[in-house]
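What follows is each chain in one-letter form.
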Amino acid sequence: MNRTQVNTLNDIRLSLNKNNVNDVNLYFQDEARFGLMNHLGKYLTASGVKPIVTYQHIFKTTYLYGSYSPINGDSFVWEINGVDTTIFEAYLKEFSLYKPKEFKIVVIDNAGFHSTKNIDIPENIYLLRIPPYNPELNPCEQIWQYIKNRFKNQRFESMSSLREWLCEMVKKMDNQTIKSITGNHHYLKAFYAAFKN
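Since we're looking at a predicted model, the values are computed, not measured.

Calculation rules
Residues numbered from 1 in each chain as written. Predicted model: local features only at pLDDT ≥ 70, side-chain atom pairs only at ≥ 80, totals over all residues. Heavy atoms only, no water. Helix = DSSP H or I, 4+ residues; strand = E, 2+ residues; numbered from the N terminus. Buried < 20%, exposed > 50% of the residue type's maximum accessible area, 1.4 Å probe, protein only. Contact = heavy atoms within 4.5 Å. Areas by Shrake-Rupley, 256 points an atom, 1.4 Å probe, with all protein chains shown as cover. Salt bridge = Lys/Arg side-chain N within 4 Å of Asp/Glu carboxyl O. Core = buried A, V, L, I, M, F, W, Y, C linked by side-chain atoms within 4.5 Å. Pairing = 2+ DSSP bridges. Axes fitted to C-alpha atoms, helices over the stretch in contact; angles between N-to-C directions. Parallel < 35°, antiparallel > 145°, perpendicular 65-115°, else oblique. Left-handed = near helix turned anticlockwise from the far one by under 90°. Nonpolar A, V, L, I, M, F, W, Y, C, P; charged D, E, K, R; others polar. Phe/Tyr/Trp six-rings, centres within 6.5 Å; stacked < 30°, edge-to-face > 60°.

Draft legend 1. Layout of the overall build of the protein chain. Check the secondary structure of the protein chain and you find six helices and five strands. From first element to last, N terminus to C terminus, the protein chain shows the α and β order α-β-β-β-α-β-β-α-α-α-α. Evaluated residue by residue, the protein chain yields a buried proportion of 42% over its 197 residues. At a minimum sequence separation of 6, the contacts of the protein chain that also span at least 24 residues come to 67%. Split by element, the accessible area of the protein chain, about 11,300 Å² in all, is 51% carbon and sulfur.

Draft legend 2. Region of the structure containing the pattern of salt bridges. Applying the stated rule across the entire model yields three salt bridges. Between E79 and R163 there is a salt bridge, with the nearest N and O atoms lying 2.9 Å from each other. Separated by 84 residues along the polypeptide, E79 in strand β3 (residues 75-80) and R163 in helix α4 (residues 159-172) bring together distant segments of the chain. Overall, E79 belongs to the partly exposed group, its relative accessible area being 32%. A relative accessible area of 32% means that R163 is categorised as partly exposed.

Draft legend 3. Quick look at the nonpolar core. Formed by 39 residues in total, the largest nonpolar core has its most connected members in I105, I147 and F195. For this core, the elements supplying multiple residues, two or more each, are α1 (3-15), β1 (23-35), β2 (61-68), β4 (102-108), α3 (140-151), α4, α5 (175-182) and α6 (185-195). Contacts of F195, omitting those with residues within four sequence positions, involve L9, I12, R13, L16, V24 and I105. Of all hydrophobic cores here, the second largest spans 15 residues; its members include L92, I119, I125 and L127.

Draft legend 4. View of the environment of V77. Summarising the element assignment, V77 is placed in strand β3. Leave out the neighbours within four places in its chain, and V77 touches L64, Y65, G66, Y68 and V170.

Draft legend 5. Summary view of the side chain of T182. Here T182 is to be found in helix α5. Its relative accessible area of 0% is what places T182 among the buried residues. Residue contacts for T182: discarding those within four places in its chain leaves F28, Y68, S69, P70, P139 and I143.

Draft legend 6. Highlighting the pairing of β3. Sheet topology note: the β2/β3 ladder contains six bridges and is antiparallel. Within β3, the residue paired with G66 across the bridge is V77. The hairpin turn running from β2 into β3, its antiparallel successor, is six residues long, and G73 in that turn takes a positive phi close to 75 degrees.

Draft legend 7. Structural detail: the packing of α3 against α4. Where α3 meets α4, the axes come as close as 11 Å, and the angle between the chain directions of the two elements is 130 degrees. As summarised for this structure, α3 and α4 are arranged oblique, according to the angle between their axes. Crossing of α3 against α4: the hand is right-handed. From α3, Y146, I147, R150 and F151 reach across to α4, where they touch L162, W165, L166 and M169. By residue class, the composition of the contact of α3 with α4 is seven nonpolar, no polar and one charged.

Draft legend 8. Up close: the packing of aromatic side chains. Applying the stated rule across the entire model yields 15 aromatic pairs. Ring plane angle 15 degrees and centroid distance 5.9 Å describe the contact between F151 and F156, whose orientation is recorded as stacked. Assigned by exposure class, F151 and F156 land together as buried. Look at F191 and F195: their rings are 5.1 Å apart centre to centre, the planes differ by 35 degrees, and that puts the pair in the tilted class. Here the residue F191 and the residue F195 both occupy positions in helix α6, the gap between them amounting to four residues, near one helical turn. Accessibility classification places F191 together with F195 in one group, the buried group.

Next comes the structure, spelled out in structure tokens:
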């Protein structure tokens, strides 16, 4: 986190209406695509034994929109087919209704559909952008990697079976797992300096 972003966190703290906010939380937000075309990965087998994995080449996909907190391991995840500004705006609206008295500082990347020029951003959400072309600055990328590592070598017969698997995978990720994956010390240090004094 750079000096400007740290100053932004301090500005947010000073501008909060304490009557409307019970708590402040930091989230990392991103989207990931999952589909019926399976992805092959390494398999551990006995020496000389070649693993057999069925492969299918079907271009049907869905997306997970997720926000994950390194502070308390909280998460808010949507599964929806598509990425565009309208869907992003609807996601933010629903996210704002989740714990409505919580002020959410949401770190996002610079995807084109994250444009905020013509959308309504809920009052309890502040979008904090990372610099362009720096996906490594968004720990939500590691969440997707965690899920995709378990997605490899699996074959789903239908979109409904894929959706069921994704739902179960998201539910299995407890707060400690999320904190361990997203707990970037630069963000945590800046957040605690601004909000936990």
